[in-house]
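Here's the letter readout for the chains.
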Amino acid sequence: MDGENQVDSTAHTQPVRTFVQQLIEGAFPTELFGPRHTGPEEEFIVVDAQGYAVDISPLFHDLMKDGWKPKQDAVTGATVGVHRNDLEVGMDVGYGTLEIGFPHVGNLFNHVGVRADILGFLDGRLADHGFFRLQDYAIQPRTFPSEKLWAPKGRGEIFRRLFPPTVHMNTLTASSQVHIDVTRDEVVPVLEMFLALSAVFIALNANSPVWAGQPDPEGMLATRQDAWYRFTVDHGYWDNVLCGPPSSNGAARTEQAPSSFAELAEFLINAPFIVRVHGRSVESPGASFMNWSARENGNLSEPKKRNAYLNHEGTVWWQARARVTFGTIEVRPSCQNKDAVASDALALGLVENLENALAFVRSSKTHQDWRALQRTALMQGLRSPTLAKAAHHVLTLADEGLRYRGLGEEVLLAPLKQRVLDSTSPAHRKLAVFEKGGINALVEHLIAGR
């Protein structure tokens, strides 16, 4: 009987594996034409003059008067952003976090100009309401996390119901992320590289040491990143934040990078399916994506199966992830900071120099060693000699990759190179301000944008 049940189970789940694997593979081209494109996606903390979180929705109403189109949440119907041409402006998890999706560009210098223009424009509109965008910080400095801070999005209802109160931390945080175009053959090795080098990105950009008016109680320099682990890892959602083999009976997990599309699909479908949005409804399936799909397979059309996977993909919060939605690799571990473009260049340069970057990753440490370094990065940043040395080497590899492109983008790495020379992450400077003058001095410093 056990054998028959196993065969029956395999018969139901194998189509799910095949469908997801083919879906991911099919999202990426066999070759790229022209220069490789990047699509930066940035979040910013917005505060009032005292440094407390504010509801940024008045900004959207102002922009709609200028002809921007509203972006409404599919479930609540609330206006959670606006868009015009290839530019999206909205709110992230918290109503005080401004999120901007920039156009994809083939030359990062094109992004630099667009970024400066749109940020300057938005700063002016925010100022009309007495609001300030923190250009060089990644967490609300003064506001205590609570359920009242959530943006009016349907997904938030599920998160608040499923997760412990530590999930409210995510309403306070702001990241700097970037999407990179890759070919089908590059997907798996690029993921391996970025999952390993996440510790380096965290150390270079750690910038969220003080929140709710005090230094993080665990001493984190990059609380923004650790916030994801605080509500997931010890609460049954390991697979949604860390990449690795399927769990079994609560056994200890061993994180690793996928070695093939089949393994990538296996890791993904074994993660809990947290949120499904269909029409104006939202639900939590209460099962892994594989088990839910196997159960529902006969009731779903191909478009509905694809849409369900896209819902699932959005709640797999690995440090780097393959996005079927965009056909890109999304690089996610960096705190927001004023030199975010430098990290966009870093990610792009590493992909352009993939062979050498991957050789460095594999020859210097095991994947588990790289993973262990993330804790060091969260706590010490570039004050860790090991991470400073690794960051120096990684920046050299990225510099080489950008030079291959012949567009001069390697000069954009300069701020990161200086951080390595100084052995100083952005968070160290913020802590120095706080230790000297307290939270009032830090808020003044952040609003001034120094």
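In this text, all values refer to a predicted model and were calculated from it rather than measured experimentally. (Residues numbered from 1 in each chain as written. Predicted model: local features only at pLDDT ≥ 70, side-chain atom pairs only at ≥ 80, totals over all residues. Heavy atoms only, no water.)

Caption draft 1: Local environment of the overall build of the protein chain. Looking only at helices and strands, the protein chain features 16 helices and 13 strands. Scaling as 2.2 N^0.38, a compact globule of 450 residues should have a C-alpha radius of gyration of about 22 Å, and the protein chain matches this with 21 Å. For the C-alpha atoms alone, the extent of the protein chain along its principal axes is close to 70 × 50 × 45 Å. Within the span of the protein chain, comprising 450 residues, buried residues form 58% of the whole. Expressed as a percentage of contacts within the protein chain between residues at least 6 apart in sequence, the contacts between residues at least 24 apart total 73%. Computed over 43 positive and 52 negative side-chain charges, the separation of the two mean positions in the protein chain equals 4 Å. (Helix = DSSP H or I, 4+ residues; strand = E, 2+ residues; numbered from the N terminus. Rg over C-alpha atoms; globule rule 2.2 N^0.38 Å. Buried < 20%, exposed > 50% of the residue type's maximum accessible area, 1.4 Å probe, protein only. Contact = heavy atoms within 4.5 Å. Lys, Arg positive; Asp, Glu negative; His and termini not counted. Charge placed at Lys NZ, Arg CZ, Asp CG, Glu CD.)

Caption draft 2: Structural view of the nonpolar core. Counting 106 residues, the largest nonpolar core has Met193, Phe194, Leu346 and Leu350 as its most contacted members. With 15 residues, the single largest contributor to this core is helix α5 (residues 187-205). Met193 has contacts with Leu350, Val351, Leu354, Ala357, Leu358 and Val361, leaving out every residue within four places of it along the chain. Residues Phe44, Val80, Met91 and Leu98 belong to the second largest nonpolar core, which totals 22 residues. (Core = buried A, V, L, I, M, F, W, Y, C linked by side-chain atoms within 4.5 Å.)

Caption draft 3: Inspection of helix α12 (residues 354-364) at higher detail. Those residues of α12 not exposed but buried are Leu354, Ala357, Leu358, Phe360 and Val361. Buried residues in α12, looked at end-on, bunch into an arc of 155°, giving them a common side. Facing away from the buried side of α12 by over 90 degrees, the exposed positions are Glu355, Arg362 and Ser363. In this structure, the buried residues of α12 make contact with α5, α11 (340-352), α13 (367-380) and α14 (385-405). (Arc of directions from axis to C-beta.)

Caption draft 4: Looking closely at the packing of α5 against α13. Direction vectors running N to C along α5 and α13 enclose 15°, while the axes themselves pass 8 Å from each other. One finds that α5 runs roughly parallel with respect to α13. Relative to α13, the crossing made by α5 is left-handed. When α5 is examined against α13, the residues Leu195, Ala196, Leu197, Ser198, Ala199, Val200, Ile202 and Ala203 are found in contact with a partner set consisting of His367, Trp370, Leu373, Gln374, Ala377 and Leu378. When grouped by side-chain class, the residues that make up the contact of α5 with α13 number 11 nonpolar, 3 polar and no charged. (Axes fitted to C-alpha atoms, helices over the stretch in contact; angles between N-to-C directions. Parallel < 35°, antiparallel > 145°, perpendicular 65-115°, else oblique. Left-handed = near helix turned anticlockwise from the far one by under 90°. Nonpolar A, V, L, I, M, F, W, Y, C, P; charged D, E, K, R; others polar.)

Caption draft 5: Molecular detail of the packing of aromatic side chains. For the structure on display, the rule yields 14 aromatic pairs. Taking 4.7 Å as the distance between ring centres and 70° as the angle between the ring planes, the aromatic pair formed by Phe163 and Phe231 counts as edge-to-face. A residue pair is termed long-range when its members are at least 10 positions apart, and Phe163 in the loop between α4 (154-162) and β7 (175-181) and Phe231 in the loop between α6 (223-230) and α7 (238-241) qualify at 68 residues. Residue classification places Phe231 among the buried positions, given a relative accessible area of 2%. (Phe/Tyr/Trp six-rings, centres within 6.5 Å; stacked < 30°, edge-to-face > 60°.)

Caption draft 6: Examining a nonpolar patch on the surface more closely. Taken together, Phe109, Val112 and Val411 make up a surface patch of nonpolar side chains, about 230 Å² in accessible area. Looking at the element boundaries, Phe109 is found in helix α3 (residues 108-127). Assessed through its relative accessible area of 35%, Phe109 is described here as partly exposed. (Patch = residues over 30% accessible without salt bridge, like charges linked within 9 Å, V, L, I, M, F, W, Y side chains within 5 Å. Areas by Shrake-Rupley, 256 points an atom, 1.4 Å probe, with all protein chains shown as cover. Salt bridge = Lys/Arg side-chain N within 4 Å of Asp/Glu carboxyl O.)

Caption draft 7: The arrangement of the pairing of strand β1 (residues 38-47) in detail. Counting buried residues in β1 gives 10 out of 10 residues, a clear majority hidden from the surface. Alternating positions in β1 separate into two faces, Thr38, Pro40, Glu42, Phe44 and Val46 on one and Gly39, Glu41, Glu43, Ile45 and Val47 on the other, with burial throughout. Note that β1 and β7 share 5 bridges and pair antiparallel. By the bridge assignment, Gly39 is partnered in β7 with His179. Two strands pair when backbone bridges link them, and β1 and strand β5 (residues 97-101) are joined in this way by 5 bridges, in the antiparallel orientation. Looking at β5, one finds that Glu42 is bridged to Ile100. Where β1 meets strand β6 (residues 132-134), 3 bridges bridge the pair, whose relative direction is antiparallel. For Val47, the partnering residue across the bridge sits in β6 and is Phe132. (Pairing = 2+ DSSP bridges.)

Caption draft 8: A look at the layout of surface pockets. Of the volumes computed, that of the second largest pocket is approximately 330 Å³. In terms of lining, the second largest pocket is formed by 17 residues, of which the most central are Asp226, Tyr229, Val233, Leu242 and Arg371. Elements supplying a minimum of two residues to the lining of the second largest pocket: α6 and α13. If one sorts the elements of the lining of the second largest pocket by residue count, α13 sits on top with 5 residues. Taken together, the residues of the lining of the second largest pocket sort by class into 6 nonpolar, 3 polar and 8 charged. (1 Å grid on protein atoms, 1.4 Å probe; cavity = no way out; pocket = protein on both sides within 12 Å on 5 of 7 lines; lining within 4 Å. Points joined across faces, edges and corners; volume = space filled by probe spheres on them.)

Caption draft 9: Quick look at the pattern of salt bridges. In this structure the tally under the stated criterion is 27 salt bridges. For Glu42, the salt bridge goes to Arg115, with nearest N and O atoms at 2.6 Å. Pair noted here: Glu42 is in strand β1 and Arg115 is in helix α3, with a separation of 73 residues, a long-range link. For the pair shown, Glu42 and Arg115 are each scored as buried. The partner of Arg371 in a salt bridge is Glu255, and the shortest N-O contact between them spans 3.1 Å. Within this pair, whereas Arg371 is found in helix α13, its partner Glu255 is found in the loop between α7 and α8 (261-269), the two being separated by 116 residues in sequence. Among the charged side chains, a salt-bridge network with shared partners connects Arg36, Glu186, Glu352, Arg405 and Glu409.

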